[in-house]
Amino acid sequence: MKFKIDAVDGDARACTIETTHSVIQTPVFMPVGTVGSVKALDAYDMSEILDSKIILANTYHMYLRPGDKTVKEFGGLHGFTTYDRSFLTDSGGFQAFSLSSISKADPNGIHFKSHIDGSSHYFTPEKVLDIEYNLNSDIMMILDDLVALPATKERVRLSIQRTYEWAKRSIEYHSKMKQLEENSKQNIFAIIQGGTDKEFRKISAEGLVSLEDFDGYAIGGLSVGESNEEMYDIVSYTTPFMPKNKPRYLMGVGTPEDLVENIERGVDMFDCVMPTRNARNGTLFTSYGKINVKSSRYKHIDEPIDSECDCYTCKRYSLGYIHHLFKAKEITYFRLASLHNLHYYLHLVKEARNAIIEKRFTQFKKNFYNKRVK
């Protein structure tokens, strides 16, 4: 991986990440393709219509179905999906958290039962990397121990201790495995934990950074129950402990407001299911805020979803037609709405990048909020 900082404006950064499969300009939003597919969209939509340079796939889900070894037979995620740009794969730690009723962590890894058939499995730091090697993702997240908030000090302390030990095992294993030619171009990111406790965040960040050989660092364990203000405060506190010369990734966040606020705090990379999930449920993002397309008020609107948007959907279809597709439960709705919402997110971070380069991020943020319908 090659990484360079192109511009800074305050703490906000515009950077370039180059992997084997694409050049990624940050700030970047990564659409979520959990099982190797961004819901309702295909590889052509992602690369040719949306021009997304990187998407996220899920290690836990791809391992269970169709199986990482099957994906490897097709040439990894790129061959299997025909999306020829970059993939980031998360580690499975979040799934262990979200499926806590059927999973249990111990000092060496995470035991869990498949949500598909109830079969038993065990993820260790090394096992997760072996799966990701088979998936051939460009950026591999390591196994971490994530806890719901609020949590006791004892549980958060255990989380950062486990996360550090698993990170140490991961970097040692990866250093050995990347000597093999087939794994040499894959990159590895560590995940900082610590809940909303600043001292634990500092300990976690400094411990992981001391391991040195990671290609990037993520802030994990946020947007899991804490307030927005707490999240922003922890990000502001944590980013100074992260290396300036490596990518910074805030996992699973979030709303358009979350992106703008955390770009201002020095974050480079984001992912969230919100654009596509909200699209399927009838919520569309616009430059002036969210709208609920199921409302009858849109039935006769012969205008695009957002007059400022030049996405595939807005250039071709009226809001009245999109409203009709939703009410009629037409499958076409899911594609057109998902294209619009993802375009909105991708365009937002692109405009943020331009503002950073032109040293006007503060005005960009002010304009962003001023346009929102109160």
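For the structure, see preceding data.
This is a predicted model, so every value here is computed, not measured. (Residues numbered from 1 in each chain as written. Predicted model: local features only at pLDDT ≥ 70, side-chain atom pairs only at ≥ 80, totals over all residues. Heavy atoms only, no water.)

Draft legend 1. Summary view of the pairing of strand β5 (residues 54-58). Extensive coverage of β5 is indicated by the burial of 5 of its 5 residues. Going residue by residue along β5, you find Ile54, Leu56 and Asn58 tucked away on one face and Ile55 and Ala57 tucked away on the opposite face as well. (Buried < 20%, exposed > 50% of the residue type's maximum accessible area, 1.4 Å probe, protein only. Helix = DSSP H or I, 4+ residues; strand = E, 2+ residues; numbered from the N terminus.)

Draft legend 2. The arrangement of the packing of aromatic side chains in detail. All chains considered together, the criterion is met by 17 aromatic pairs. Measuring from centroid to centroid gives 5.8 Å for Tyr333 and Phe334, while their planes differ by 70°, and the two rings are edge-to-face. According to the relative accessible area criterion, Tyr333 is buried, its value standing at 1%. The class of Phe334 is partly exposed, set by a relative accessible area of 29%. An aromatic cluster is defined as three or more aromatic residues linked by ring pairs; in this entry it consists of Phe29, Phe285, Tyr344 and Tyr345. The cationic tip of Arg316 hangs over the ring face of Tyr312; the distance from NZ or CZ to the ring centre is 4.0 Å. (Phe/Tyr/Trp six-rings, centres within 6.5 Å; stacked < 30°, edge-to-face > 60°. Lys NZ or Arg CZ within 6 Å of the ring centre and 35° of its normal.)

Draft legend 3. Quick peek at unusual backbone geometry. Residue Thr26 is joined to Pro27 through a cis peptide bond whose omega torsion reads 0°. In this structure, Pro27 sits in the loop between β3 (23-25) and β4 (28-30). For the bond from Arg65 to Pro66, the omega torsion is 10°, close enough to zero to count as cis. Inspection of the secondary structure puts Pro66 in the loop between α2 (59-64) and α3 (68-73). Phi is positive for Thr82, close to 65°, though the residue is something other than glycine. Relative to the helices and strands, Thr82 resides in the loop between α4 (76-81) and β6 (86-90). Judged by its relative accessible area of 58%, Thr82 is exposed. Its identity is not glycine, yet Ser223 carries a phi of approximately 60°, on the positive side. Note on placement: Ser223 falls in the loop between β12 (216-219) and α9 (228-238). The partly exposed category is assigned to Ser223, whose relative accessible area is 40%.

Draft legend 4. Spotlight on the pairing of strand β1 (residues 2-9). Sheet topology note: the β1/strand β2 (residues 12-18) ladder contains 7 bridges and is antiparallel. By the bridge assignment, Val8 is partnered in β2 with Arg13. Counted between consecutive antiparallel strands, the loop separating β1 from β2 contains 2 residues, among which Gly10 sits at a positive phi close to 65°. (Pairing = 2+ DSSP bridges.)

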